[in-house]
Amino acid sequence: MRLSSRLGRLDRRLFAMVAGARLHGLERFVPALSRVADNSLLWAGVAGALAVSGHRPLRRAATRGLLAVSLASPLVNLVGKQAFGRNRPSLDGFPMARRVKVPVSASFPSGHSASAAAFATAVAMEAPLAVAAPVALLAAAVCFSRVYTGVHYPGDVLVGAGIGVATGLVTRRLWPEAVTGAPRVVTAPPMPGHDLDGQGVVAVIGSAVGGDPVTAETVRASLPKAEVVEVPGADGQDVTGLMGEAAARARVLAVAGDDGTVSRGARAALEHRRPLLIIPAPAPGHFAGALGLRDTQDAMTAYRSGGMVAVDVGEVAGRVFLNSAGLGVYPEVVDRRESIEQRAGKWPALLWALSRVLRTAEPEEVVIDGVPHRIWTLFVGNCRYDSRGAAPRLRRRLEDGLLDIRMLTATSRLPRLRAFTSVLLGGIGLSRHYQQWQADTLKVSSPSGSVRVACDGETFTVSGDVEFVKRPRSLLVVRPEG
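Visitor: Tell me about the overall build of the protein chain, and please be specific about residues and values.
Guide: Along the backbone of the protein chain there are 15 helices and 16 strands. By residue count, 50% of the 482 residues in the protein chain fall in the buried class. A separation of at least 24 residues holds for 74% of the contacts in the protein chain among residues at least 6 apart in sequence. For the protein chain, the computed accessible surface area is about 22,200 Å², with 56% contributed by carbon and sulfur atoms.

Written as C-alpha coordinates, this is what we have:
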(Lines give C-alpha, C1' and ligand atoms only; values in the text may rest on other atoms or scores of the structure.)
Protein backbone atom coordinates (compact mmCIF):
# COMPACT_ATOMS: atom_id res chain seq x y z
CA MET A 1 0.00 0.00 0.00
CA ARG A 2 1.37 3.43 -0.96
CA LEU A 3 2.46 5.79 1.80
CA SER A 4 0.03 8.47 0.64
CA SER A 5 -2.88 6.03 0.96
CA ARG A 6 -1.82 5.06 4.46
CA LEU A 7 -1.52 8.69 5.50
CA GLY A 8 -4.93 9.43 4.02
CA ARG A 9 -6.56 6.59 5.97
CA LEU A 10 -4.85 7.72 9.18
CA ASP A 11 -5.99 11.28 8.56
CA ARG A 12 -9.61 10.19 8.14
CA ARG A 13 -9.51 8.02 11.28
CA LEU A 14 -8.14 10.92 13.33
CA PHE A 15 -10.83 13.20 11.93
CA ALA A 16 -13.49 10.68 12.92
CA MET A 17 -12.09 10.53 16.45
CA VAL A 18 -12.25 14.31 16.80
CA ALA A 19 -15.71 14.42 15.22
CA GLY A 20 -16.93 11.92 17.81
CA ALA A 21 -15.44 13.82 20.73
CA ARG A 22 -17.67 15.78 23.10
CA LEU A 23 -16.11 18.74 24.90
CA HIS A 24 -18.79 19.64 27.42
CA GLY A 25 -18.98 23.39 27.95
CA LEU A 26 -16.94 24.13 24.81
CA GLU A 27 -19.48 23.20 22.14
CA ARG A 28 -20.22 26.87 21.52
CA PHE A 29 -16.83 28.36 22.35
CA VAL A 30 -14.70 26.38 19.88
CA PRO A 31 -16.83 27.21 16.79
CA ALA A 32 -16.93 30.86 17.87
CA LEU A 33 -13.14 30.89 18.16
CA SER A 34 -12.84 29.42 14.67
CA ARG A 35 -15.10 32.13 13.25
CA VAL A 36 -13.20 34.92 15.02
CA ALA A 37 -10.02 33.70 13.34
CA ASP A 38 -11.53 34.18 9.85
CA ASN A 39 -9.44 36.54 7.70
CA SER A 40 -6.89 36.73 10.56
CA LEU A 41 -9.12 39.16 12.46
CA LEU A 42 -8.20 37.48 15.74
CA TRP A 43 -4.49 38.06 15.14
CA ALA A 44 -5.06 41.63 14.07
CA GLY A 45 -6.85 42.22 17.37
CA VAL A 46 -4.10 40.60 19.41
CA ALA A 47 -1.49 42.60 17.52
CA GLY A 48 -3.41 45.79 18.25
CA ALA A 49 -3.47 44.99 21.97
CA LEU A 50 0.27 44.33 21.95
CA ALA A 51 0.97 47.50 19.97
CA VAL A 52 -0.85 49.80 22.43
CA SER A 53 0.80 48.22 25.47
CA GLY A 54 3.57 50.81 25.51
CA HIS A 55 6.32 48.16 25.71
CA ARG A 56 8.81 48.06 22.84
CA PRO A 57 9.20 44.23 22.79
CA LEU A 58 5.44 43.84 22.52
CA ARG A 59 5.21 46.42 19.74
CA ARG A 60 7.93 44.53 17.87
CA ALA A 61 6.05 41.28 18.51
CA ALA A 62 2.89 42.78 17.01
CA THR A 63 4.73 43.99 13.93
CA ARG A 64 6.58 40.72 13.40
CA GLY A 65 3.38 38.74 13.95
CA LEU A 66 1.46 40.64 11.28
CA LEU A 67 4.42 40.37 8.92
CA ALA A 68 4.46 36.59 9.39
CA VAL A 69 0.71 36.33 8.76
CA SER A 70 1.06 38.45 5.62
CA LEU A 71 3.57 35.90 4.31
CA ALA A 72 1.81 32.71 5.43
CA SER A 73 -1.70 33.51 4.28
CA PRO A 74 -1.01 34.07 0.55
CA LEU A 75 1.50 31.21 0.49
CA VAL A 76 -1.15 28.77 1.70
CA ASN A 77 -4.25 30.19 0.02
CA LEU A 78 -2.81 31.21 -3.34
CA VAL A 79 -0.18 28.51 -3.76
CA GLY A 80 -0.78 25.52 -1.49
CA LYS A 81 -4.51 25.14 -1.98
CA GLN A 82 -4.24 25.63 -5.73
CA ALA A 83 -1.51 23.02 -5.99
CA PHE A 84 -3.26 20.22 -4.07
CA GLY A 85 -7.01 20.83 -4.34
CA ARG A 86 -8.03 18.37 -1.61
CA ASN A 87 -11.75 18.06 -0.90
CA ARG A 88 -13.17 19.08 2.46
CA PRO A 89 -14.21 16.37 4.97
CA SER A 90 -17.69 14.91 4.67
CA LEU A 91 -20.03 16.31 7.32
CA ASP A 92 -22.54 13.48 7.22
CA GLY A 93 -23.62 12.88 10.80
CA PHE A 94 -21.49 15.75 12.05
CA PRO A 95 -23.10 17.62 15.03
CA MET A 96 -24.96 20.70 13.78
CA ALA A 97 -24.04 22.75 16.88
CA ARG A 98 -20.37 22.58 16.02
CA ARG A 99 -20.58 23.44 12.35
CA VAL A 100 -19.29 26.67 10.87
CA LYS A 101 -19.53 28.00 7.34
CA VAL A 102 -17.43 25.69 5.17
CA PRO A 103 -15.09 27.62 2.82
CA VAL A 104 -15.33 26.85 -0.88
CA SER A 105 -11.53 26.66 -1.19
CA ALA A 106 -9.52 23.44 -1.06
CA SER A 107 -8.95 21.77 2.29
CA PHE A 108 -5.17 21.25 2.15
CA PRO A 109 -3.34 23.00 3.76
CA SER A 110 -5.23 24.92 6.45
CA GLY A 111 -4.94 28.67 6.05
CA HIS A 112 -6.26 29.39 9.55
CA SER A 113 -3.63 27.08 11.04
CA ALA A 114 -0.83 28.64 8.98
CA SER A 115 -1.76 32.15 10.11
CA ALA A 116 -2.11 31.06 13.73
CA ALA A 117 1.25 29.29 13.83
CA ALA A 118 2.97 32.11 11.94
CA PHE A 119 1.69 34.73 14.36
CA ALA A 120 2.55 32.67 17.45
CA THR A 121 6.05 31.87 16.17
CA ALA A 122 6.77 35.51 15.39
CA VAL A 123 5.48 36.70 18.77
CA ALA A 124 7.64 34.11 20.55
CA MET A 125 10.72 35.65 18.90
CA GLU A 126 10.10 39.05 20.50
CA ALA A 127 7.77 38.82 23.51
CA PRO A 128 8.49 37.45 27.01
CA LEU A 129 7.24 33.99 27.91
CA ALA A 130 4.33 35.42 29.90
CA VAL A 131 2.91 36.81 26.64
CA ALA A 132 4.23 34.29 24.11
CA ALA A 133 2.83 31.24 25.93
CA PRO A 134 -0.83 32.41 25.98
CA VAL A 135 -0.57 33.43 22.32
CA ALA A 136 0.81 29.98 21.47
CA LEU A 137 -2.05 28.29 23.37
CA LEU A 138 -4.56 30.47 21.54
CA ALA A 139 -2.98 29.53 18.20
CA ALA A 140 -3.12 25.83 19.13
CA ALA A 141 -6.80 26.23 20.03
CA VAL A 142 -7.51 27.79 16.62
CA CYS A 143 -5.73 24.89 14.91
CA PHE A 144 -7.77 22.36 16.89
CA SER A 145 -11.00 24.26 16.16
CA ARG A 146 -10.56 23.74 12.42
CA VAL A 147 -10.81 19.97 12.90
CA TYR A 148 -13.40 20.12 15.68
CA THR A 149 -15.75 22.18 13.49
CA GLY A 150 -15.36 19.76 10.59
CA VAL A 151 -13.74 22.02 7.98
CA HIS A 152 -10.28 20.37 7.91
CA TYR A 153 -8.59 17.03 8.32
CA PRO A 154 -5.84 16.87 10.98
CA GLY A 155 -3.22 16.57 8.21
CA ASP A 156 -4.40 19.86 6.72
CA VAL A 157 -3.89 21.53 10.06
CA LEU A 158 -0.47 20.00 10.75
CA VAL A 159 0.94 21.00 7.36
CA GLY A 160 -0.61 24.46 7.59
CA ALA A 161 0.90 24.94 11.03
CA GLY A 162 4.28 23.79 9.73
CA ILE A 163 4.14 26.36 6.96
CA GLY A 164 3.20 28.99 9.54
CA VAL A 165 6.17 28.18 11.75
CA ALA A 166 8.49 28.35 8.74
CA THR A 167 7.19 31.75 7.61
CA GLY A 168 7.45 33.04 11.17
CA LEU A 169 11.12 32.10 11.17
CA VAL A 170 11.61 33.66 7.72
CA THR A 171 10.74 37.06 9.18
CA ARG A 172 14.21 37.03 10.73
CA ARG A 173 15.54 37.44 7.22
CA LEU A 174 13.28 40.39 6.50
CA TRP A 175 13.56 42.04 9.88
CA PRO A 176 16.35 41.00 12.29
CA GLU A 177 15.52 40.34 15.91
CA ALA A 178 16.40 43.02 18.42
CA VAL A 179 19.93 42.76 19.71
CA THR A 180 19.71 41.83 23.38
CA GLY A 181 22.13 43.40 25.81
CA ALA A 182 24.24 46.51 25.33
CA PRO A 183 26.83 46.54 22.53
CA ARG A 184 30.44 45.98 23.49
CA VAL A 185 32.42 49.07 24.53
CA VAL A 186 35.79 49.79 26.18
CA THR A 187 35.69 50.92 29.78
CA ALA A 188 37.58 54.16 30.39
CA PRO A 189 38.90 55.66 33.66
CA PRO A 190 36.20 57.25 35.87
CA MET A 191 35.17 60.83 35.24
CA PRO A 192 37.75 63.25 36.73
CA GLY A 193 36.48 65.81 39.26
CA HIS A 194 33.09 64.14 39.33
CA ASP A 195 30.49 66.26 41.16
CA LEU A 196 27.09 64.68 41.87
CA ASP A 197 25.32 68.05 41.65
CA GLY A 198 26.65 68.66 38.15
CA GLN A 199 29.40 71.18 38.81
CA GLY A 200 31.26 71.60 35.51
CA VAL A 201 28.48 70.10 33.36
CA VAL A 202 27.25 72.25 30.47
CA ALA A 203 24.06 70.82 28.96
CA VAL A 204 22.99 71.95 25.49
CA ILE A 205 19.29 71.15 25.07
CA GLY A 206 17.94 71.10 21.54
CA SER A 207 15.82 68.90 19.29
CA ALA A 208 14.67 68.58 15.71
CA VAL A 209 11.86 71.06 16.42
CA GLY A 210 13.62 73.49 18.72
CA GLY A 211 14.23 73.50 22.45
CA ASP A 212 12.85 70.96 24.89
CA PRO A 213 11.77 72.71 28.12
CA VAL A 214 10.72 69.50 29.87
CA THR A 215 14.18 67.99 29.45
CA ALA A 216 15.82 71.24 30.50
CA GLU A 217 13.82 71.34 33.74
CA THR A 218 14.61 67.70 34.48
CA VAL A 219 18.33 68.35 34.05
CA ARG A 220 18.18 71.43 36.28
CA ALA A 221 16.37 69.49 38.99
CA SER A 222 18.75 66.52 38.82
CA LEU A 223 21.98 68.52 38.42
CA PRO A 224 21.39 71.85 40.19
CA LYS A 225 24.96 73.10 39.62
CA ALA A 226 24.96 72.34 35.88
CA GLU A 227 24.74 75.08 33.29
CA VAL A 228 21.80 74.51 30.95
CA VAL A 229 21.78 76.09 27.48
CA GLU A 230 18.53 75.91 25.52
CA VAL A 231 18.63 76.38 21.76
CA PRO A 232 15.06 76.81 20.47
CA GLY A 233 14.81 77.40 16.74
CA ALA A 234 18.56 77.34 16.08
CA ASP A 235 19.84 76.15 12.72
CA GLY A 236 22.71 73.74 12.21
CA GLN A 237 25.47 76.36 12.17
CA ASP A 238 24.13 78.03 15.34
CA VAL A 239 24.04 74.68 17.16
CA THR A 240 27.59 73.83 16.05
CA GLY A 241 28.87 77.15 17.39
CA LEU A 242 27.01 76.75 20.67
CA MET A 243 28.39 73.23 21.06
CA GLY A 244 31.96 74.45 20.63
CA GLU A 245 31.52 77.30 23.11
CA ALA A 246 29.86 74.99 25.64
CA ALA A 247 32.58 72.33 25.31
CA ALA A 248 35.33 74.91 25.76
CA ARG A 249 34.09 75.87 29.25
CA ALA A 250 32.70 72.48 30.33
CA ARG A 251 34.19 69.64 32.31
CA VAL A 252 31.50 67.40 30.82
CA LEU A 253 29.47 68.32 27.73
CA ALA A 254 25.87 67.09 27.87
CA VAL A 255 23.74 67.09 24.71
CA ALA A 256 20.02 66.47 24.24
CA GLY A 257 18.40 66.32 20.83
CA ASP A 258 18.15 64.27 17.66
CA ASP A 259 21.00 62.24 16.17
CA GLY A 260 22.30 65.21 14.21
CA THR A 261 22.47 67.37 17.35
CA VAL A 262 24.25 64.61 19.28
CA SER A 263 26.77 64.20 16.44
CA ARG A 264 27.56 67.91 16.60
CA GLY A 265 28.06 67.50 20.33
CA ALA A 266 30.42 64.59 19.70
CA ARG A 267 32.46 66.75 17.31
CA ALA A 268 32.76 69.51 19.91
CA ALA A 269 33.62 67.02 22.66
CA LEU A 270 36.38 65.55 20.49
CA GLU A 271 37.83 68.95 19.59
CA HIS A 272 38.02 70.03 23.23
CA ARG A 273 38.74 66.55 24.64
CA ARG A 274 35.69 66.48 26.87
CA PRO A 275 33.51 63.52 27.92
CA LEU A 276 30.08 63.50 26.29
CA LEU A 277 26.86 62.87 28.20
CA ILE A 278 24.06 61.95 25.79
CA ILE A 279 20.55 62.78 26.99
CA PRO A 280 17.98 60.78 24.96
CA ALA A 281 15.28 63.43 24.73
CA PRO A 282 12.70 64.19 23.59
CA ALA A 283 13.09 60.66 22.13
CA PRO A 284 16.10 58.32 22.14
CA GLY A 285 18.22 58.44 19.00
CA HIS A 286 20.01 55.44 17.52
CA PHE A 287 23.28 55.99 19.36
CA ALA A 288 21.65 56.66 22.72
CA GLY A 289 19.65 53.47 22.24
CA ALA A 290 22.81 51.52 21.44
CA LEU A 291 24.30 52.74 24.74
CA GLY A 292 21.21 51.58 26.63
CA LEU A 293 20.00 55.12 27.38
CA ARG A 294 16.21 55.28 26.99
CA ASP A 295 15.22 58.54 28.69
CA THR A 296 16.51 61.55 30.61
CA GLN A 297 16.56 59.69 33.92
CA ASP A 298 18.83 57.03 32.42
CA ALA A 299 21.25 59.78 31.44
CA MET A 300 21.15 61.28 34.94
CA THR A 301 21.84 57.84 36.45
CA ALA A 302 24.74 57.42 34.04
CA TYR A 303 26.23 60.74 35.14
CA ARG A 304 25.90 59.95 38.85
CA SER A 305 27.70 56.64 38.34
CA GLY A 306 30.76 58.46 37.07
CA GLY A 307 31.41 55.66 34.58
CA MET A 308 32.80 56.32 31.12
CA VAL A 309 33.44 54.25 28.02
CA ALA A 310 35.51 54.85 24.88
CA VAL A 311 33.68 54.46 21.56
CA ASP A 312 34.52 54.83 17.88
CA VAL A 313 33.36 57.65 15.66
CA GLY A 314 33.37 58.03 11.91
CA GLU A 315 34.32 61.22 10.12
CA VAL A 316 33.55 62.59 6.66
CA ALA A 317 34.50 66.03 5.35
CA GLY A 318 35.25 67.23 8.89
CA ARG A 319 31.90 66.05 10.26
CA VAL A 320 31.53 63.34 12.85
CA PHE A 321 28.98 60.56 12.61
CA LEU A 322 28.10 58.17 15.40
CA ASN A 323 25.66 56.02 13.43
CA SER A 324 26.04 56.21 9.66
CA ALA A 325 26.67 58.35 6.62
CA GLY A 326 25.65 57.72 3.03
CA LEU A 327 25.20 58.98 -0.50
CA GLY A 328 23.28 58.12 -3.65
CA VAL A 329 19.52 58.45 -3.11
CA TYR A 330 20.06 58.34 0.66
CA PRO A 331 20.54 62.12 1.22
CA GLU A 332 17.38 62.99 -0.72
CA VAL A 333 15.42 60.35 1.17
CA VAL A 334 16.62 61.88 4.44
CA ASP A 335 15.55 65.39 3.36
CA ARG A 336 12.09 64.26 2.27
CA ARG A 337 11.60 62.02 5.31
CA GLU A 338 12.36 64.81 7.76
CA SER A 339 9.84 67.10 6.09
CA ILE A 340 6.92 64.93 7.31
CA GLU A 341 8.45 62.75 10.06
CA GLN A 342 7.04 64.84 12.90
CA ARG A 343 3.52 64.44 11.51
CA ALA A 344 3.55 60.92 10.09
CA GLY A 345 6.08 59.03 12.22
CA LYS A 346 9.48 57.58 11.28
CA TRP A 347 8.54 54.46 9.27
CA PRO A 348 5.60 55.94 7.31
CA ALA A 349 7.78 58.95 6.50
CA LEU A 350 10.60 56.69 5.31
CA LEU A 351 8.25 54.67 3.07
CA TRP A 352 6.78 57.84 1.58
CA ALA A 353 10.20 59.45 1.04
CA LEU A 354 11.74 56.35 -0.52
CA SER A 355 8.82 55.83 -2.89
CA ARG A 356 8.90 59.49 -3.99
CA VAL A 357 12.65 59.56 -4.52
CA LEU A 358 12.89 56.28 -6.45
CA ARG A 359 10.05 57.38 -8.70
CA THR A 360 12.25 60.02 -10.35
CA ALA A 361 15.81 59.45 -9.12
CA GLU A 362 18.61 58.21 -11.33
CA PRO A 363 21.58 56.11 -10.20
CA GLU A 364 24.66 58.11 -9.29
CA GLU A 365 28.00 57.76 -11.05
CA VAL A 366 30.80 57.61 -8.47
CA VAL A 367 34.34 56.33 -8.10
CA ILE A 368 34.86 54.33 -4.91
CA ASP A 369 38.45 53.60 -3.92
CA GLY A 370 39.46 54.06 -7.56
CA VAL A 371 36.73 51.82 -9.06
CA PRO A 372 33.80 53.39 -10.98
CA HIS A 373 30.27 52.36 -10.01
CA ARG A 374 26.64 53.28 -10.72
CA ILE A 375 24.90 53.16 -7.38
CA TRP A 376 21.48 53.59 -5.88
CA THR A 377 22.87 53.98 -2.39
CA LEU A 378 26.12 53.73 -0.42
CA PHE A 379 25.86 53.14 3.35
CA VAL A 380 28.86 53.76 5.64
CA GLY A 381 28.30 52.67 9.23
CA ASN A 382 30.26 53.51 12.35
CA CYS A 383 31.27 49.97 13.43
CA ARG A 384 29.97 46.77 11.93
CA TYR A 385 26.21 46.35 11.90
CA ASP A 386 24.70 43.01 12.78
CA SER A 387 22.06 42.62 10.07
CA ARG A 388 22.55 42.18 6.35
CA GLY A 389 21.06 44.67 3.91
CA ALA A 390 21.42 48.13 2.45
CA ALA A 391 20.02 49.97 5.51
CA PRO A 392 20.90 48.06 8.73
CA ARG A 393 20.19 49.34 12.24
CA LEU A 394 21.68 46.99 14.86
CA ARG A 395 25.23 46.83 16.26
CA ARG A 396 26.90 44.52 18.74
CA ARG A 397 30.06 46.61 19.10
CA LEU A 398 30.83 50.33 19.29
CA GLU A 399 34.63 50.02 19.20
CA ASP A 400 35.77 47.65 16.46
CA GLY A 401 37.82 50.18 14.46
CA LEU A 402 35.88 49.51 11.25
CA LEU A 403 33.57 51.24 8.82
CA ASP A 404 30.71 49.00 7.70
CA ILE A 405 30.27 49.67 3.96
CA ARG A 406 27.22 48.49 2.00
CA MET A 407 26.59 49.35 -1.62
CA LEU A 408 23.53 48.79 -3.80
CA THR A 409 24.60 49.08 -7.42
CA ALA A 410 22.33 49.86 -10.34
CA THR A 411 22.06 47.91 -13.60
CA SER A 412 19.29 47.32 -16.10
CA ARG A 413 18.44 44.20 -14.10
CA LEU A 414 17.75 46.10 -10.90
CA PRO A 415 14.73 48.33 -11.60
CA ARG A 416 13.41 50.98 -9.23
CA LEU A 417 10.83 48.73 -7.59
CA ARG A 418 13.44 46.13 -6.78
CA ALA A 419 15.76 48.81 -5.38
CA PHE A 420 12.88 50.01 -3.19
CA THR A 421 12.17 46.53 -1.79
CA SER A 422 15.88 45.78 -1.40
CA VAL A 423 16.40 48.81 0.84
CA LEU A 424 13.32 48.02 2.93
CA LEU A 425 13.75 44.25 3.20
CA GLY A 426 17.48 43.99 3.77
CA GLY A 427 19.19 41.14 1.96
CA ILE A 428 16.13 39.76 0.20
CA GLY A 429 16.58 39.92 -3.55
CA LEU A 430 19.86 41.82 -3.52
CA SER A 431 22.04 39.09 -5.11
CA ARG A 432 25.14 40.38 -6.86
CA HIS A 433 23.86 43.97 -6.93
CA TYR A 434 24.59 44.21 -3.22
CA GLN A 435 28.13 44.42 -1.87
CA GLN A 436 29.28 44.62 1.73
CA TRP A 437 32.75 44.98 3.23
CA GLN A 438 34.61 46.58 6.14
CA ALA A 439 37.54 49.02 6.08
CA ASP A 440 39.00 51.86 8.13
CA THR A 441 38.92 54.38 5.24
CA LEU A 442 36.86 54.92 2.11
CA LYS A 443 37.43 57.43 -0.69
CA VAL A 444 34.63 58.57 -3.01
CA SER A 445 34.66 61.00 -5.91
CA SER A 446 32.17 62.02 -8.57
CA PRO A 447 32.60 63.05 -12.23
CA SER A 448 30.36 66.03 -11.43
CA GLY A 449 32.95 67.35 -8.96
CA SER A 450 30.68 67.31 -5.91
CA VAL A 451 28.97 64.69 -3.77
CA ARG A 452 25.80 65.00 -1.72
CA VAL A 453 26.25 63.27 1.66
CA ALA A 454 23.86 62.41 4.48
CA CYS A 455 25.47 62.18 7.90
CA ASP A 456 23.44 61.05 10.95
CA GLY A 457 20.23 62.42 9.47
CA GLU A 458 21.64 65.68 8.10
CA THR A 459 22.66 66.41 4.52
CA PHE A 460 25.36 68.58 2.95
CA THR A 461 27.36 68.86 -0.30
CA VAL A 462 31.10 68.24 -0.52
CA SER A 463 33.20 69.56 -3.39
CA GLY A 464 35.97 67.31 -4.65
CA ASP A 465 36.86 63.95 -3.18
CA VAL A 466 35.09 62.66 -0.10
CA GLU A 467 37.01 60.56 2.41
CA PHE A 468 35.37 58.55 5.17
CA VAL A 469 37.75 57.73 8.03
CA LYS A 470 37.51 55.90 11.34
CA ARG A 471 38.65 57.31 14.68
CA PRO A 472 38.82 54.27 16.97
CA ARG A 473 37.99 54.67 20.66
CA SER A 474 38.40 58.42 20.36
CA LEU A 475 35.20 59.61 22.09
CA LEU A 476 34.63 59.30 25.85
CA VAL A 477 30.94 58.81 26.62
CA VAL A 478 29.28 58.79 30.03
CA ARG A 479 27.50 55.49 30.67
CA PRO A 480 26.51 53.53 33.79
CA GLU A 481 29.03 50.89 34.75
CA GLY A 482 28.11 47.33 33.70
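Visitor: Talk me through the pairing of strand β14 (residues 450-455); I want residue IDs and the actual numbers.
Guide: Judged from the two bridges that link them, strand β8 (residues 324-328) and β14 form a sheet pairing that is antiparallel. For Ala325, the partnering residue across the bridge sits in β14 and is Cys455. Inspection of the sheet shows β14 paired to strand β15 (residues 458-463) by six bridges, in the antiparallel sense. Paired with Arg452 across the two strands is Thr461, which belongs to β15. Here β14 folds back onto β15 in antiparallel fashion, the turn holding two residues, of which Asp456 has a positive phi close to 50 degrees.

Visitor: How would you sum up the pattern of salt bridges? Please name residues and give values.
Guide: What the rule picks out here adds up to 17 salt bridges. Ionic pairing is found between Arg267 and Glu271, a salt bridge with its closest N-O pair at 3.5 Å. Here Glu271 and Arg267 lie together in helix α10 (residues 259-272), a separation of four residues that amounts to about one turn. Owing to a relative accessible area of 30%, Arg267 belongs among the partly exposed residues under this scheme. For Asp298, the salt bridge identified is with Arg294, shortest N-O distance 3.1 Å. Classification of Asp298 as buried rests on a relative accessible area of 15%. Among the residues examined, Arg294 registers a relative accessible area of 61% and is labelled exposed.

Visitor: Describe in detail the packing of helix α4 (residues 56-84) against helix α5 (residues 111-124), supporting the description with residues and values.
Guide: At their nearest, the axes of α4 and α5 sit 8 Å apart, and the two run at 155 degrees to each other. Our classification of the angle between α4 and α5 gives roughly antiparallel. Viewed along their axes, α4 and α5 form a crossing whose handedness is right-handed. Contact residues: α4 offers Ala61, Arg64, Gly65, Leu66, Ala68, Val69, Ala72, Ser73, Val76, Asn77 and Lys81, while α5 offers Gly111, Ala114, Ser115, Ala118, Phe119, Ala122 and Val123. When its residues are assigned to classes, the contact of α4 with α5 shows eleven nonpolar, five polar and two charged.

Visitor: Could you give an account of a nonpolar patch on the surface, naming the residues involved and the relevant values?
Guide: A cluster of nonpolar side chains, contributed by Leu10, Leu14 and Met17, occupies part of the molecular surface with about 280 Å² of accessible area. Tracing the backbone shows Leu14 in helix α1 (residues 3-19). Overall, Leu14 belongs to the partly exposed group, its relative accessible area being 35%.

Visitor: Describe the nonpolar core, listing the residues and the values that go with them.
Guide: In globular proteins that are soluble, nonpolar side chains generally tend to be buried together. Leu253, Leu277, Ile278, Ile279 and Leu475 are the most contacted members of the largest nonpolar core, which has 54 residues in total. When near neighbours in sequence (up to four residues on either side) are disregarded, Ile279 contacts Ile205, Thr215, Val219, Ala254, Val255, Ala256, Gly257, Thr296, Ala299 and Met300. Core analysis: the next-biggest nonpolar cluster, separate from the first, contains 28 residues, Trp43, Leu50, Val147 and Val157 among them.

Visitor: I'd like a description of the packing of aromatic side chains, backed by residues and values.
Guide: Ring pairs (aromatic) are described by centroid distance and by the angle formed between their planes. Inspection of every chain in the model, using the stated rule, returns four aromatic pairs. Ring geometry for Phe84 against Phe108: centres 4.9 Å apart, planes inclined by 75 degrees, an arrangement best described as edge-to-face. Of the two residues, Phe84 is situated in helix α4 and Phe108 in the loop between α4 and α5; the sequence distance between them amounts to 24 residues. Residue Phe108 is classed as buried on the basis of its relative accessible area of 16%.

Visitor: So what about the side chain of Arg64? Which residues, and what values?
Guide: Mapped onto the secondary structure, Arg64 falls in helix α4. A distance of 2.8 Å separates the side chain of Arg64 from the side chain of Glu126, its partner in a polar contact.

Visitor: Explain the environment of Phe468 to me, and be specific about the residues and the numbers.
Guide: For Phe468, the location among the structural elements is in strand β16 (residues 466-478). Considered as a pair, Phe468 and Thr441 are 27 residues apart in the sequence and their alpha carbons are 5.5 Å apart. The contact partners of Phe468, leaving out residues within four places of it in the chain, are Glu315, Val316, Phe321, Ala325, Leu327, Val380, Leu403, Asp440, Thr441, Leu442 and Val444.

Visitor: Report on the environment of Leu398, specifying residues and quantitative values.
Guide: Note that Leu398 resides in the loop between β10 (371-382) and β11 (403-409). Among the residues examined, Leu398 registers a relative accessible area of 0% and is labelled buried. Aside from chain neighbours lying at most four places away, what touches Leu398 is Pro183, Arg184, Val185, Phe287, Ala290, Leu291, Val311, Asp312 and Cys383.

Visitor: Summarise unusual backbone geometry; cite the residues concerned and give the values.
Guide: Residue Pro109 follows Phe108 across a cis peptide bond; omega there is -10 degrees. Mapped onto the elements of the fold, Pro109 is located in the loop between α4 and α5. The phi torsion at Asp456 lies on the positive side, around 50 degrees, for a residue other than glycine. Position of Asp456 among the secondary structure elements: in the loop between β14 and β15.

Visitor: Lay out the packing of α5 against helix α7 (residues 154-174) with the relevant residues and their values.
Guide: It is the contact of α5 with α7, at a shortest axis distance of 7 Å, that shows an interaxial angle of 35 degrees. For the element pair α5 and α7, the recorded crossing hand is right-handed. Contacts between α5 and α7 involve Ser113, Ala114, Ala117, Ala118 and Thr121 from the former and Val157, Gly160, Ala161, Gly164, Val165, Thr167, Gly168 and Leu169 from the latter. Looking at the contact of α5 with α7 residue by residue, the class counts come to seven nonpolar, six polar and no charged.

Visitor: Would you mind going over helix α2 (residues 29-36) in detail, with residue names and values included?
Guide: Residues of α2 that are buried: Val30, Pro31, Leu33 and Ser34. For α2, the angular spread of buried residues about the axis comes to 160 degrees, placing them on one side. Buried residues belonging to α2 abut α3 (41-51), α5 and α6 (129-148).

Visitor: Describe α7, naming the residues involved and giving the relevant values.
Guide: Taking 1.5 Å per residue as the helical rise, α7 with its 21 residues ought to reach 30 Å, and the 31 Å between its terminal C-alpha atoms agrees with that figure. For α7, the set of buried residues is Pro154, Gly155, Asp156, Val157, Gly160, Ala161, Gly164, Thr167, Gly168, Thr171 and Leu174.

About the criteria used
Residues numbered from 1 in each chain as written. Predicted model: local features only at pLDDT ≥ 70, side-chain atom pairs only at ≥ 80, totals over all residues. Heavy atoms only, no water. Helix = DSSP H or I, 4+ residues; strand = E, 2+ residues; numbered from the N terminus. Buried < 20%, exposed > 50% of the residue type's maximum accessible area, 1.4 Å probe, protein only. Contact = heavy atoms within 4.5 Å. Areas by Shrake-Rupley, 256 points an atom, 1.4 Å probe, with all protein chains shown as cover. Pairing = 2+ DSSP bridges. Salt bridge = Lys/Arg side-chain N within 4 Å of Asp/Glu carboxyl O. Axes fitted to C-alpha atoms, helices over the stretch in contact; angles between N-to-C directions. Parallel < 35°, antiparallel > 145°, perpendicular 65-115°, else oblique. Left-handed = near helix turned anticlockwise from the far one by under 90°. Nonpolar A, V, L, I, M, F, W, Y, C, P; charged D, E, K, R; others polar. Patch = residues over 30% accessible without salt bridge, like charges linked within 9 Å, V, L, I, M, F, W, Y side chains within 5 Å. Core = buried A, V, L, I, M, F, W, Y, C linked by side-chain atoms within 4.5 Å. Phe/Tyr/Trp six-rings, centres within 6.5 Å; stacked < 30°, edge-to-face > 60°. Polar contact = N/O pair within 3.5 Å; in protein donor to acceptor, adjacent residues only side chain to side chain. Arc of directions from axis to C-beta. Expected span 1.5 Å × (residues − 1).

Purely geometric numbers; function is a separate question.
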